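A closer look at the structure
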Amino acid sequence: KGGGSIFDRLLGAPAKPDPFYVRYCPALSWEDRVLGFLACLVIGYALTITSLFSYTALIHGNPAPFALRYSLGNLLAICSTAFLMGPQAQIKSMLEPQRFYATTVYLGAIVATLVSALVLRMRSKRRPRAARRGH
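Predicted model, so just to flag it, every value in this text is computed and none were measured.

Turning our attention to the overall build of the chain. The number of helices and strands found in the chain is eight helices and zero strands. Taken from N to C terminus, the helices and strands of the chain fall in the order α-α-α-α-α-α-α-α. Burial statistics for the chain: of 135 residues in total, 19% are counted as buried. Residue pairs at least 24 apart in sequence account for 57% of intrachain contacts in the chain once pairs closer than 6 positions are excluded. When the accessible area of the chain is evaluated, it comes to approximately 10,200 Å², of which 69% is carbon and sulfur surface.

Below you can see the structure in the form of structure tokens.
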């Protein structure tokens with residue numbers, strides 16, 4: 001096991017470890033890629049749709065369930081296409097000049113949603129009730 005050329009192995013040089021992606025992300029067949037794509041897409045859409053069931057909690061001042069499901073659903077749906085085109089090609093495509101601003105705004109909106117729902121919510125819970133009402 002391990003990388004390195006055949007000459008290195010014949011001469012007794014220590015084997016170089018395989019890169020991360022070789023050990024943990026072996027080449028996938030086309031069928032595996034389609035199954036991965038469909039699984040991520042279906043789970044992502046399911047999370048996004050079920051986030052709508054958290055609407056009453058959102059109205060009552062608890063945005064965390066909605067924000068988590070909605071954000072994770074969108075991220076999974078976006079990541080699903082990485083199964084078809086590969087993660088490196090997906091990132092490269094998202095960072096192309098004509099898509100860079102859209103990608104930045106989209107991912108920034110997801111981060112802002114999570115921060116506002118989780119971090120700011122935790123901060124508001126720490127304040128006493130009178131301070132929250134403005135008294």
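A few words on the packing of aromatic side chains. In the structure shown here, the tally under the stated rule is two aromatic pairs. Between phenylalanine 66 and tyrosine 70, the aromatic rings sit 5.4 Å apart at their centres with planes inclined by 15°, giving stacked as the arrangement. You can see phenylalanine 66 and its partner tyrosine 70 sitting in helix H5 (residues 64-85), four residues apart, about one turn around the helix. Judged by its relative accessible area of 19%, phenylalanine 66 is buried. A ring pair is formed by phenylalanine 100 and tyrosine 101, whose centres lie 5.6 Å apart and whose planes are at 75°; its orientation type is edge-to-face. Judged by relative accessible area, phenylalanine 100 falls into the partly exposed class, the value being 37%.

Helical periodicity: at 3.6 residues per turn, an α-helix aligns residues three or four positions apart in one direction. Taken residue by residue, helix H6 (residues 87-94) has Gln90, Ser93 and Met94 as its buried positions. The buried side chains of H6 occupy one side of the element, clustering within an arc of 95° when seen end-on. Opposite its buried face, H6 presents the exposed residues Gln88 and Lys92, each directed more than 90 degrees away.

A word on a nonpolar patch on the surface. Residues Ile91, Leu95, Phe100 and Tyr101 make up a contiguous nonpolar surface patch of roughly 450 Å² in combined accessible area. Along the chain, the position of leucine 95 falls in the loop between H6 and helix H7 (97-126).

Given a rise of 1.5 Å per residue, 22 residues ought to cover 32 Å, and the 32 Å separating the end C-alpha atoms of H5 matches this to within 8%. Within the span of H5, buried status applies to Ala64, Phe66, Ala67, Ser71, Gly73, Asn74, Ala77, Ser80 and Ala82. Count one or two residues on from H5 and you reach glycine 86, which has phi positive near 90°.

Cut-offs applied
Residues numbered from 1 in each chain as written. Predicted model: local features only at pLDDT ≥ 70, side-chain atom pairs only at ≥ 80, totals over all residues. Heavy atoms only, no water. Helix = DSSP H or I, 4+ residues; strand = E, 2+ residues; numbered from the N terminus. Buried < 20%, exposed > 50% of the residue type's maximum accessible area, 1.4 Å probe, protein only. Contact = heavy atoms within 4.5 Å. Areas by Shrake-Rupley, 256 points an atom, 1.4 Å probe, with all protein chains shown as cover. Phe/Tyr/Trp six-rings, centres within 6.5 Å; stacked < 30°, edge-to-face > 60°. Arc of directions from axis to C-beta. Patch = residues over 30% accessible without salt bridge, like charges linked within 9 Å, V, L, I, M, F, W, Y side chains within 5 Å. Salt bridge = Lys/Arg side-chain N within 4 Å of Asp/Glu carboxyl O. Expected span 1.5 Å × (residues − 1).

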